[in-house]
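# What the coordinates show
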Amino acid sequence: LVHIVRNWQDQLRDRLVELHGEEAGIKLANRFGKAMPAGYVESVTPELAASDVWRAASLTGENDLHLSLYHSANGGLRFKLFRTGREIALSDALPMLENLGLRINSEHPYELNLDDGRVIIQDFEVEPLSGSVDVASSKARFEEAFAAMWRGDAESDGFNRLVLAAGLG
């Protein structure tokens with residue numbers, strides 16, 4: 001009976017409390033729980049949402065960008081962008097992802113309207129252009145390379161495929 005009456009937000013709150021302690025977890029749940037759009041709640045587990053909430057809460061301003069390369073529950077490869085203010089235009093993001101060796105199959109954008117601003121989560125379903133991706137060993141390098149291209153600290157060109165294909169930074 002308890003399981004039946006508990007909703008997604010309750011499960012998110014419990015997971016946030018488990019991960020960050022009661023005080024911080026409840027603050028995060030109160031700030032983000034009701035801001036999650038219906039499409040997000042339907043497609044993302046509370047466990048994954050707790051990780052997303054932490055990344056979204058860590059954003060420091062419109063120029064800050066948080067990233068996450070991961071395998072979904074069904075084993076597919078996903079890449080999420082977190083940003084305050086407004087989304088990254090697809091015409092900007094897609095060439096960078098393709099230059100990093102990924103084919104973009106779809107994008108699922110989510111807008112979180114918070115009391116103190118707006119957070120955008122862009123969730124891309126991707127697949128490697130060649131071979132497979134060992135997320136555990138390439139996650140940090142991949143995210144660092146994308147961020148460097150986004151900031152203009154690195155060129156966005158075909159050489160970036162070496163980040164996934166050859167394990168280069």
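Residues numbered from 1 in each chain as written. Predicted model: local features only at pLDDT ≥ 70, side-chain atom pairs only at ≥ 80, totals over all residues. Heavy atoms only, no water.

### Observations regarding the pairing of strand 1 (residues 66-71)
- Strand 1 sits mainly inside the fold: 5 of its 6 residues count as buried.
- Where strand 1 and strand 2 (residues 77-84) come together, 6 bridges link them in antiparallel fashion. Residue histidine 71 lies in a different strand from strand 2, and its bridge partner there is leucine 77.
- Linking two consecutive strands that pair antiparallel, namely strand 1 and strand 2, is a turn of 5 residues; a positive phi of about 90° is found at glycine 75 within it. (Buried < 20%, exposed > 50% of the residue type's maximum accessible area, 1.4 Å probe, protein only. Helix = DSSP H or I, 4+ residues; strand = E, 2+ residues; numbered from the N terminus. Pairing = 2+ DSSP bridges.)

### Some points on the nonpolar core
- By size, the foremost hydrophobic cluster in this structure holds 24 residues, and its most contacted members are Phe79, Leu81, Leu97, Phe124, Phe142 and Phe146.
- Of all the secondary structure elements, the ones that give two or more residues to this core are strand 1, strand 2, helix 6 (90-99), strand 3 (102-114), strand 4 (117-128), helix 7 (135-151) and helix 8 (162-165).
- At 6 residues, helix 7 tops the list of elements feeding residues into this core.
- Sequence-distant contacts of phenylalanine 146, that is, excluding residues within four places in its chain, are made with Leu65, Leu67, Phe79, Leu81, Ala93, Met96, Leu97 and Leu100.
- The next biggest cluster of nonpolar side chains, apart from the first, holds 21 residues, and it includes Trp8, Phe32, Tyr110 and Leu114. (Core = buried A, V, L, I, M, F, W, Y, C linked by side-chain atoms within 4.5 Å. Contact = heavy atoms within 4.5 Å.)

### Observations concerning helix 5 (residues 46-57)
- Here helix 5 contains 12 residues, and its C-alpha end-to-end distance of 16 Å stays within 8% of the 16 Å for a straight helix at 1.5 Å per residue.
- What helix 5 keeps buried is the set Pro46, Ala49, Ala50, Asp52, Val53, Arg55 and Ala56. (Expected span 1.5 Å × (residues − 1).)

### Some words on the sheet that holds strand 1
- If you trace the 4 strands from one edge of the open sheet to the other, you get 1-2-4-3, paired in antiparallel fashion. Bordering the open sheet on either side are strand 1 and strand 3, each of which pairs with just one other strand. Each adjacent strand pair in this sheet contributes to an overall mean axis angle of 20°, direction not counted.
- As paired strands, strand 3 and strand 4 are joined by 12 bridges and run antiparallel to one another. Paired with histidine 108 across the strands is aspartate 123, a residue of strand 4.
- Across the sheet, helix 5 touches strand 1, strand 2 and strand 4, and the angle it forms with strand 2 is around 35°.
- On top of the sheet, helix 7 reaches strand 1, strand 2 and strand 3; it is set at about 150° to strand 1, its chief contact. (Axes fitted to C-alpha atoms, helices over the stretch in contact; angles between N-to-C directions.)

### Things to note about the packing of helix 3 (residues 22-32) against helix 5
- At a minimum axis distance of 11 Å, the contact between helix 3 and helix 5 shows a crossing angle of 85°. Viewed along their axes, helix 3 and helix 5 adopt a mutual orientation that is roughly perpendicular. For the pair formed by helix 3 and helix 5, the contact residues are Leu28, Arg31 and Phe32 on the first element and Val53, Trp54, Ala56 and Ala57 on the second.
- The residue makeup of the contact of helix 3 with helix 5, split by class, is 6 nonpolar, no polar and 1 charged. (Parallel < 35°, antiparallel > 145°, perpendicular 65-115°, else oblique. Nonpolar A, V, L, I, M, F, W, Y, C, P; charged D, E, K, R; others polar.)

### A look at the packing of aromatic side chains
- For the structure shown, the criterion picks out 4 aromatic pairs.
- Ring plane angle 85° and centroid distance 5.1 Å describe the contact between tyrosine 40 and tyrosine 110, whose orientation is recorded as edge-to-face. Of this pair, tyrosine 40 sits in helix 4 (residues 38-43) while tyrosine 110 sits in strand 3, and the two are 70 residues apart along the sequence. One exposure class covers both tyrosine 40 and tyrosine 110, and it is buried.
- Chaining the aromatic ring pairs together yields one cluster made of Trp8, Tyr40 and Tyr110. (Phe/Tyr/Trp six-rings, centres within 6.5 Å; stacked < 30°, edge-to-face > 60°.)

Fair warning: the whole summary comes from geometry, so function is off the table for now.
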